[in-house]
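What follows is the residue order along each chain.
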Amino acid sequence: MRDSTLLLPFALPPAEHAKDLIAALDAPALALLLARGSEAARIDGEPFAAALPHESLLVPGHGDNSPPVAHGLMRELGLPPADGFWFVLQPAHFHVARDHLVLTDLRQLALDETESRTLFDAVRPLFHELGHELRFGDARRWFVRADAWQSLRTTTPDAATGRNMDVWLPSGERERDWRKLHNEVQMLWHMHPLNDSREMHGARRVNGLWLWGGAAAGDWPATAVAQVDDALVPHALAGDWGSWLAAMQQIETRHATQLLAALTSGTIDRLTLQLTDATRVRSWHATRAGMRKFWIRPSLSRLLS
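Keep in mind it's a predicted model, so treat the numbers as computed, not measured. (Residues numbered from 1 in each chain as written. Predicted model: local features only at pLDDT ≥ 70, side-chain atom pairs only at ≥ 80, totals over all residues. Heavy atoms only, no water.)

(A) Region of interest: the sheet that holds strand 1 (residues 3-8). As summarised here, the arrangement of the 5 strands in space is 2-11-10-1-9, forming an open sheet in which the pairing is mixed. The strands lining the two open edges of the sheet, one partner per strand, are strand 2 (38-44) and strand 9 (227-228). Direction of pairing for strand 1 relative to strand 10 (residues 270-276): parallel, over a ladder of 6 bridges. Across the sheet, residue D3 finds its bridge partner in strand 10, namely R270. Here helix 2 (residues 28-36) sits on the sheet and contacts strand 2, strand 10 and strand 11 (280-287); the angle it forms with strand 10, its principal contact strand, is near 100°. Sitting on the sheet, helix 11 (residues 241-265) touches strand 1, strand 9, strand 10 and strand 11, and the angle it makes with strand 1 is about 160°. (Pairing = 2+ DSSP bridges. Helix = DSSP H or I, 4+ residues; strand = E, 2+ residues; numbered from the N terminus. Contact = heavy atoms within 4.5 Å. Axes fitted to C-alpha atoms, helices over the stretch in contact; angles between N-to-C directions.)

Here it is in structure tokens:
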């Protein structure tokens, strides 16, 4: 059987806006696939999980921790293989909301490579002084070796975005070591002229780091085979439902229409649709035979489930 899987993170709209969003969405192909498909799975996750549902679908089996992706990401970025236990380290912006700190979506930091390397070079001695090797991957992703921190529980940045940092910061046996080092980084960057320049030009200050994705040298987690479109993620995290609607319309054209045509023509025999939000996964199987059920009207009502 020729199968295809499409994973759409945050395609499930929030309950409080779902009816209005669905009424405004013109997606006949998606409506047909959902209405004539059969439900395959319903997963309700934990609200304080270390990874979002779609992240767990893509890299399963990581338990109550962020997926062990550091070595895989280093390989993707062309860095040489490395021994030891490594974390992904990402420049971040924390903002104050009432009485707590909140992580801003890292996509909004708009940090270019020159700026990132400047900040990287500034803090590298702090890490090396403690015996932690630091590697530059790209403007958004650095890597740190910390063999003694293997027991730390960390969360993915998207899981923590917009949340109270007290709940999501690294925790475990060596959390104080990380927090002390992180405080030193924050103090150094607070006085760095690059941040003053960014602020003058209306950009967010880089005032912290996000640590996650810890992995040993042998950790090469198998990733799920799926076509993924994550265009909805930043809009959902920001609560920008107008942009979410526009992105859903593009998904209709870019994916749903083409997959429906492939299914009805026999190019594929079965399509699995996986739709998520911050805690839920809903999956449907659509088949050629199911598409012939003409008495079932196209409907997006399953997005309400």
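We are not done yet, so read on.
(B) Quick peek at the nonpolar core. Counting residues in hydrophobic clusters, the biggest one holds 60 residues, and the most contacted among them are L33 and L300. In terms of residues, this core owes the most to one element, helix 11, which gives 11 residues. What L300 contacts, discounting residues up to four positions off in sequence, is I22, L25, A27, L30, A31 and L34. If you look at the next biggest cluster of nonpolar residues, it comprises 25 residues, including L89, L119, F120 and L126. (Core = buried A, V, L, I, M, F, W, Y, C linked by side-chain atoms within 4.5 Å. Buried < 20%, exposed > 50% of the residue type's maximum accessible area, 1.4 Å probe, protein only.)

Interpretation note: all reported values are geometric properties and have no functional meaning in isolation.
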